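Observations on the three-dimensional arrangement
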Number of protein chains: 2
Amino acid sequence: MTASPPVARRRDAERTRAEILAVATAEFADRGYDGARVDEIAARTSTTKRMIYYYFSGKRQLYVAALEAAYARIREAEQQVSVDHLGPADAIRRIAEVTFDHHEANPDFIRLVSIENIHRAEHITRLPSLVKINTPAVLLLDRILSRGREAGEFRADVDAIDVHLMISAFCFFRVANQHTFGAIFERDLLDPARRAHYRKMLSDMVVAHLTTL
Amino acid sequence: MTASPPVARRRDAERTRAEILAVATAEFADRGYDGARVDEIAARTSTTKRMIYYYFSGKRQLYVAALEAAYARIREAEQQVSVDHLGPADAIRRIAEVTFDHHEANPDFIRLVSIENIHRAEHITRLPSLVKINTPAVLLLDRILSRGREAGEFRADVDAIDVHLMISAFCFFRVANQHTFGAIFERDLLDPARRAHYRKMLSDMVVAHLTTL
DNA sequence: TAACTAACGTACCGGTTCGTACATTAGGGA
DNA sequence: TCCCTAATGTACGAACCGGTACGTTAGTTA
């Protein structure tokens, strides 16, 4: 056995790279691209700043790598959902709930997307891995909408992307704008006591819209 | 007439201050707090950097002043809406449409709010002019909801802030996330050809939810 | 075991950027 | 008219920060 599995190698390119990416994701999500500090990312790592440039070439490329990895994780999570055994309305509810839970569980991703929008998506646009791939969520919605329309339960003037927009807008805003909303209206949108209320409100809203013919 | 109105005074504190604030608002909205450059703001002004510190003391205070002024303008615009002559459902539609138009017409305000949320609303929280004042929009919604419930047309398990959340989330997301959404789904949410569709979709959605008892 | 390369560390540089010390001028009031 | 102060302009400093030159070590392979 010459190729024994290396246990706790002193030098491990994969591990070092992954650690840098994880710390960078947190730092960029926390402070934004311009607010993030390369020195700070390095300090929170068990390695040095030199390694960031060794593996990622620069601050910008590190940010892009973090963004790409974050999107990849979301895509993978979306793949897991299956709603083929449910009726159209319940299937829509299920998608809404999964999206709701997903946004709540991944605030760093939400923040990265907000930050990327402040930069007018200039980085994401150049990522071939991100464009032109319809997300699992939208493909799923498209099938459900077809079933609902065939059954005469759903209206026909909205498509899958429109429904995805409705759902995402609510889920995203609730997390992304929790701070200003909380400051102005004195209502904590993430208060666990209100979670069930908003989760139900979202699916009620989407289903009510789709079934109002 | 010793106090003749000064026409195009060479020195005008009010005018200089206002110009700095206007340029700063655009710069902060464009690049975010950390991305904005004090030298750049000064360069776009007809005065110098020294005046920024003379009138606003520092970059941070300038940002806070820009944010505060932006919120004040929004409040003022919300005051103008009157829907007392409309039935509950149509009144809701009117509010949704006004909010929709308002978000589309003020992308800089949207961006400032996004930026402030990245900073977890740390600046806005310290502004006494912003907290505890219920916005005109919410007060209006509250009256409409009461009328709708009394008429037996509206459900009773949502309050004015909830409805405001539904409407704002959709309007805000459509503008704030247009870039990443456009890149991923290849759909321009601000395409004029789709404007009427989304405007109607929003009010349909909110009214459908409220009238589904 | 020698030698070669991937992986890692240290120290530092140069430009950027917020902020200010200091000088100056416009304009109103006594 | 003279003077006092609000308003403005210039030049510069000091710290920060992204990036790199240069040197070192671990692990692999012949």
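Structure: see above.
Scope of this entry: the structure provided in the associated data block.

Cut-offs applied
- Residues numbered from 1 in each chain as written.
- Chains lettered and ligands numbered in written order.
- Predicted model: local features only at pLDDT ≥ 70, side-chain atom pairs only at ≥ 80, totals over all residues.
- Heavy atoms only, no water.
- Helix = DSSP H or I, 4+ residues; strand = E, 2+ residues; numbered from the N terminus.
- Buried < 20%, exposed > 50% of the residue type's maximum accessible area, 1.4 Å probe, protein only.
- Contact = heavy atoms within 4.5 Å.
- Areas by Shrake-Rupley, 256 points an atom, 1.4 Å probe, with all protein chains shown as cover.
- Lys, Arg positive; Asp, Glu negative; His and termini not counted.
- Charge placed at Lys NZ, Arg CZ, Asp CG, Glu CD.
- Least-squares fit on C-alpha atoms with pLDDT ≥ 70 in both.
- Buried area = accessible area lost by both parts, 1.4 Å probe.
- Salt bridge = Lys/Arg side-chain N within 4 Å of Asp/Glu carboxyl O.
- Nonpolar A, V, L, I, M, F, W, Y, C, P; charged D, E, K, R; others polar.
- Axes fitted to C-alpha atoms, helices over the stretch in contact; angles between N-to-C directions.
- Parallel < 35°, antiparallel > 145°, perpendicular 65-115°, else oblique.
- Expected span 1.5 Å × (residues − 1).
- Polar contact = N/O pair within 3.5 Å; in protein donor to acceptor, adjacent residues only side chain to side chain.
- Phe/Tyr/Trp six-rings, centres within 6.5 Å; stacked < 30°, edge-to-face > 60°.

Section: the overall build of chain A
- A tally of regular secondary structure across chain A gives ten helices and zero strands.
- Secondary structure of chain A in N-to-C order comes out as α-α-α-α-α-α-α-α-α-α.
- Dimensions of chain A, computed from the C-alpha atoms along their principal axes, are close to 60 × 55 × 35 Å.
- Expressed as a percentage of the 213 residues in chain A, the buried residues total 50%.
- A separation threshold of at least 6 residues defines the contact pool for chain A, and within that pool the share at least 24 residues apart is 71%.
- Summed over all atoms, the accessible surface of chain A reaches about 10300 Å², with 50% contributed by carbon and sulfur.
- Side chains of chain A carry 30 positive and 29 negative charges; the gap between the two charge centres is 6 Å.

Quick notes on the relation of the copies chain B and chain A
- Least-squares fitting of chain B to chain A yields an RMSD of 0.0 Å, with the transformation described by 0.0 Å of translation along the axis and a rotation of 180 degrees. Here the symmetry operator amounts to a two-fold rotation axis.
- Looking at the interface residues of chain B, 100% of them are also at the interface in chain A, so both copies use one shared face.

Description of the interface of chain B and chain A
- In this complex, chain B contributes 58 residues to the contact, which on the side of chain A involves 58 residues.
- Between chain B and chain A the total buried area reaches about 5000 Å² when both faces are included, carbon and sulfur atoms providing 66% of it.
- Linking chain B to chain A there are eight salt bridges.
- Of the charged contacts, one joins D204(A) and R155(B) as a salt bridge, the two residues approaching to 3.0 Å between their closest N and O atoms.
- Of all elements in the fold, only α1 (13-35), α4 (59-79), α6 (107-118), α8 (160-176), α9 (178-185) and α10 (192-211) of chain B reach the threshold of two or more residues within the side of chain B that touches chain A.
- If one sorts the elements of the side of chain B that touches chain A by residue count, α8(B) sits on top with eleven residues.
- Split into classes, the residues belonging to the side of chain B that touches chain A amount to 28 nonpolar, 14 polar and 16 charged.

Observations concerning the packing of helix α3 (residues 49-56) of chain B against α4(B)
All names here are of chain B.
- Axis separation between α3 and α4 bottoms out at 9 Å; the angle between their running directions is 70 degrees. Taken as axis vectors, α3 and α4 run roughly perpendicular relative to one another. Residues I52, Y53 and F56 of α3 pack against K59, Q61, L62 and A65 of α4.

Overview of the environment of R147(A)
Residue and element names in this part refer to chain A.
- Looking at the element boundaries, R147 is found in helix α7 (residues 136-150).
- Placed 80 residues apart in sequence, R147 and L67 show a C-alpha to C-alpha distance of 35 Å.
- Setting aside residues no more than four positions away along its own chain, R147 makes contact with V83, D84, L86, G87 and P88.

Some points on the side chain of S114(A)
- Structurally, S114(A) can be placed in helix α6 (residues 107-118).
- What makes S114(A) buried here is its relative accessible area of 10%.
- Leave out the neighbours within four places in its chain, and S114(A) touches F172(A), A176(A) and I118(B).

Here we look at helix α8 (residues 160-176) of chain A
Residues and elements named next belong to chain A.
- Between its first and last C-alpha atoms α8 spans 23 Å; for 17 residues at 1.5 Å apiece the expected length is 24 Å, and the two agree.
- The buried fraction of α8 amounts to 17 of the 17 residues, a majority that puts the element mostly inside the structure.
- Two or three places before I161, at the opening of α8, D159 has a side-chain oxygen 3.2 Å from that residue's backbone nitrogen.

Quick word on helix α7 (residues 136-150) of chain B
- An ideal rise of 1.5 Å per residue puts 21 Å on 15 residues; α7(B) measures up with 22 Å between its terminal C-alpha atoms.
- The complete set of buried residues in α7(B) reads P136(B), A137(B), V138(B), L140(B), L141(B), I144(B), L145(B) and G148(B).
- Buried residues belonging to α7(B) abut α9 (178-185) of chain A together with α4, α5 (88-105), α8 and α10 of chain B.
- One or two steps after α7(B), the chain reaches G152(B), where phi turns positive at roughly 75 degrees.

Digging into the pattern of salt bridges
- If you walk through the whole model with that rule in mind, you get 40 salt bridges over all chains.
- Here R93(A) and D204(A) are joined by a salt bridge, their closest N and O atoms 2.9 Å apart. Taken together, the residues span a long stretch of sequence, with R93(A) in helix α5 (residues 88-105) and D204(A) in helix α10 (residues 192-211) at a distance of 111 residues.
- Look at R93(A) and you get partly exposed, because its relative accessible area is 26%.
- Residue classification places D204(A) among the buried residues on the basis of a relative accessible area of 8%.
- We note a salt bridge from D204(B) to K200(B), for which the minimum N-O separation is 2.6 Å. Of this pair, D204(B) and K200(B) both sit in helix α10, separated by four residues, roughly a single helical turn.
- Salt bridges sharing partners connect three or more residues here, namely E27(A), D30(A), R31(A), E40(A), R44(A) and R120(B).

Brief notes about unusual backbone geometry
- The phi dihedral of R120(B) is positive, around 55 degrees, even though this residue is not glycine.
- Within the secondary structure, R120(B) is located in the loop between α6 and α7.

Quick word on the packing of aromatic side chains
- As enumerated under the stated definition, the model contains 18 aromatic pairs over all chains in all.
- An angle of 85 degrees between the planes, with centres 6.1 Å apart, marks the rings of F173(A) and F181(A) as edge-to-face. The pair F173(A) / F181(A) is uniform in exposure class, with both members buried.
- Between the aromatic rings of F173(A) and F172(B), the centroid separation amounts to 5.6 Å while the plane-to-plane angle is 80 degrees, which identifies the pairing as edge-to-face. Remark: F172(B) occurs in helix α8 and F173(A) occurs in helix α8; the pair is interchain, linking two chains.

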